[in-house]
Amino acid sequence: MSKRVALVTGGMGGIGTAVCRRLASANGNVVVANCLPGYEKRDEWLAAMRAEGFDNVFAAEGDVADFESCGAMVRGIESQIGPVDILVNGAGIVRDSMLRKMSPSDWLAVINTNLNSAFNVTKHLIDGMCERGWGRIVNLSSVNGQRGQFGQTNYSAAKAGIHGFAKALAQEVVKKGVTVNSVSPGYVETDMVRSIRPDVLERIVAGIPMGRLAKPEEIAGLIAYLTSDEAGYITGANIAINGGMYMA
Ligand code: CAA
Ligand code: NAP
């Protein structure tokens with residue numbers, strides 16, 4: 001199998017880092033971890049990857065909420081590394097509050113970062129994947145996009161939307177060797193979940209049938225599979241990985 005280039009947005013976050021490790025370990029892939037422009041821990045993160053032996057992991061700055069910024073990032077990757085074969089749309093944020101208290105800026109920040117981002121990044125890559133006849137796109141959706149969550153009208157809407165995007169795009173590119181899928185994790189041990197108020201988090205964990213949070217590596221394993229050749233017949237799917245929290 002030829003060497004492939006993977007772009008992981010939010011690649012230096014909790015799940016993103018685990019995904020970068022998995023993809024970089026597989027078949028000599030070259031992995032590009034996206035981060036926000038000016039991210040202060042970028043060099044530290046890269047040095048940690050090098051220390052783990054990953055000399056095939058690179059960084060690319062770009063704001064996924066901004067279409068032009070994503071275009072510049074993708075053009076930079078293409079000219080310095082090569083065309084992108086695998087895209088993991090992983091960048092995301094939360095701005096939780098009940099709708100009655102939610103500000104327009106908290107609504108828009110989440111929609112722009114978690115949903116419009118899929119368009120902003122994918123649009124710059126999809127023609128190349130189709131022309132080359134191979135591509136893998138995986139979106140990070142969420143159990144809370146499937147079932148809704150108190151305090152997350154913005155996030156639940158974005159995460160449900162991101163899978164709608166996947167299903168529509170999957171149909172458009174199915175004959176071109178490009179698959180488009182989503183994964184919907186439950187609550188995963190990352191900074192995003194650590195930021196939940198401790199009493200609220202305790203109640204959430206108590207409600208998880210498996211009795212624990214997911215590990216980022218468990219999500220990364222599924223994503224690595226979906227980006228492999230073996231998964232070539234899976235497209236338009238939304239795969240739940242939630243410890244039994246929601247069985248669709
Ligand atoms: N269902 C029903 N009622 C609920 C509820 C729930 N799930 N959660 C809270 N309430 C009720 C409370 O009992 C309380 O009722 P009373 O006024 O009668 O006492 C009322 O709603 C207000 O609750 P809070 O005191 O919690 O309100 P708050 O404004 O301080 O906080 C909140 C609101 C920020 C949304 C907080 O409840 C919260 O953080 N909830 C968790 C949201 C969540 O799950 N976020 C996930 C982030 S990580 C992630 O999103 C990753 C992923 O994909 C899984
Ligand atoms: P995380 O550790 O907070 O990682 C998210 C990453 O996205 C961070 O590195 C963040 O950078 C980056 N990011 C935010 N806004 C960005 C932007 N505009 N442009 C580029 N990068 C941006 O969270 P995580 O838990 O790994 O989440 C990864 C994805 O999985 C998210 O889409 C999340 O919604 C989804 N998910 C998470 C869980 C969970 O329980 N953790 C469950 C289901 C789905 P900064 O740190 O610099 O802001």
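### Section: the sheet that holds strand S4 (residues 86-89)
The seven strands lie next to each other as S3-S2-S1-S4-S5-S6-S7, forming an open sheet whose pairing is parallel. The open sheet has two edge strands, strand S3 (57-61) and strand S7 (238-241), and neither has a second partner. With direction set aside, neighbouring strand axes in the sheet form an average angle of 20°. Alignment of S4 against strand S5 (residues 135-140), held across four bridges, turns out to be parallel. Within S5, the position partnered with leucine 87 by the bridge is isoleucine 137. Its contacts with the sheet place helix H10 (residues 216-226) against S4, S5, strand S6 (178-185) and S7, and it is angled at close to 165° to S6.

### Details of the pattern of salt bridges
Side chains bearing opposite charge may pair, as long as their charged atoms lie close to each other. Scanning the entire structure with this criterion turns up eight salt bridges. The partner of arginine 197 in a salt bridge is aspartate 199, and the shortest N-O contact between them spans 2.9 Å. By relative accessible area, aspartate 199 is classed as partly exposed at 35%. Put simply, Arg42, Asp43 and Glu61 are held in one network by salt bridges that share partners.

### Considering the site of ligand 2
The environment of ligand 2 is made up of 29 residues, and the closest members are Ile15, Asp63, Tyr155, Val188 and Thr190. Here an oxygen atom of ligand 2 sits 2.8 Å away from a polar atom, N or O, in the main chain of isoleucine 15. Note that a nitrogen atom of ligand 2 is positioned 3.1 Å from one of the backbone N or O atoms of valine 64. In isolation ligand 2 offers 890 Å² of accessible surface; the protein chains occlude 86% of this area. Looking at the shell around ligand 2, the elements that each hand over two or more residues are helix H1 (14-25), helix H7 (153-173) and helix H8 (191-194). For the shell around ligand 2, the per-class residue count stands at 15 nonpolar, twelve polar and two charged.

### Brief notes about the side chain of threonine 179
One can find threonine 179 in strand S6. Here threonine 179 falls in the buried class, since its relative accessible area comes to 4%. Every residue in contact with threonine 179, bar those within four places of it in the chain, is listed here: Gly135, Arg136, Ile137, Leu226, Gly232, Ile234 and Thr235.

### Description of the site of ligand 1
Near ligand 1 there are 18 residues, and of these Asp96, Ser142, Gln152, Tyr155 and Tyr187 occur at the shortest range. Lysine 101 is positioned with one of its side-chain polar atoms (N or O) 3.0 Å from an oxygen atom of ligand 1. Across the shell around ligand 1, the residue classes break down as nine nonpolar, six polar and three charged.

### Details of the pairing of S3
Two strands pair when backbone bridges link them, and strand S2 (residues 30-35) and S3 are joined in this way by five bridges, in the parallel orientation. Paired with alanine 33 across the bridge in S3 is alanine 59. In this region the chain leaves S2, passes through helix H2 (residues 42-51) and returns to the parallel neighbour S3; the handedness of that crossover is right-handed.

### A few points about the pairing of strand S1 (residues 5-8)
Burial along S1 is two-sided: Val5 and Leu7 facing one way and Ala6 and Val8 facing the other are all buried. Handedness of the crossover joining S1 and S2 through H1: right-handed. Bridge count between S1 and S4: three bridges; the pairing is parallel. Following the sheet pairing, alanine 6 is matched in S4 by isoleucine 86.

Calculation criteria
Each chain carries its own residue numbering, running from 1 in the direction its sequence is written. Lettering of chains starts at A and numbering of ligands starts at 1, both following the order in which they are written. The predicted origin of the model limits local features to residues at a pLDDT of at least 70 and limits the giving and counting of side-chain atom pairs to 80 or more, whereas totals for whole chains, interfaces and linings rest on all residues. Derived side-chain values reflect all non-hydrogen atoms in the structure, with water molecules and hydrogen atoms excluded from consideration. Criterion used throughout: strands pair if DSSP finds at least two bridges between them. By definition, any uninterrupted DSSP run of H or I lasting at least four residues is a helix, any uninterrupted run of E lasting at least two residues is a strand, and each is numbered from the N terminus. For helices, the fitted line uses only the C-alpha atoms of the stretch in contact; every axis is such a line through C-alpha atoms, and the angle between N-to-C directions lies from 0 to 180 degrees. Residue contacts follow a heavy-atom distance rule, with two residues in contact if any of their heavy atoms lie within 4.5 Å. The salt bridge definition used is simple: a Lys or Arg side-chain nitrogen within 4 Å of an Asp or Glu carboxyl oxygen. Three labels apply to residues, based on accessible area from a 1.4 Å probe with only protein chains included: buried if under 20% of the type maximum, exposed if over 50%, partly exposed otherwise in between. When at least one non-hydrogen atom of a residue lies within 4 Å of a molecule or strand, that residue is treated as near it. Distance and chemistry together define a polar contact, namely a pair of N or O atoms within 3.5 Å, with one atom able to donate a hydrogen and the other to accept it when in protein, and with adjacent residues in sequence counting only for side-chain atoms on both sides. Surface accessibility in these figures is a Shrake-Rupley result with a 1.4 Å probe; residues are shielded only by whichever protein chains are displayed. Amino acids outside the nonpolar list (Ala, Val, Leu, Ile, Met, Phe, Trp, Tyr, Cys, Pro) and the charged list (Asp, Glu, Lys, Arg) are all regarded as polar, and Gly is one of them. Think of it like this: strands point away, you trace from the first strand over the helix to the second, and a clockwise trace means the crossover is right-handed.

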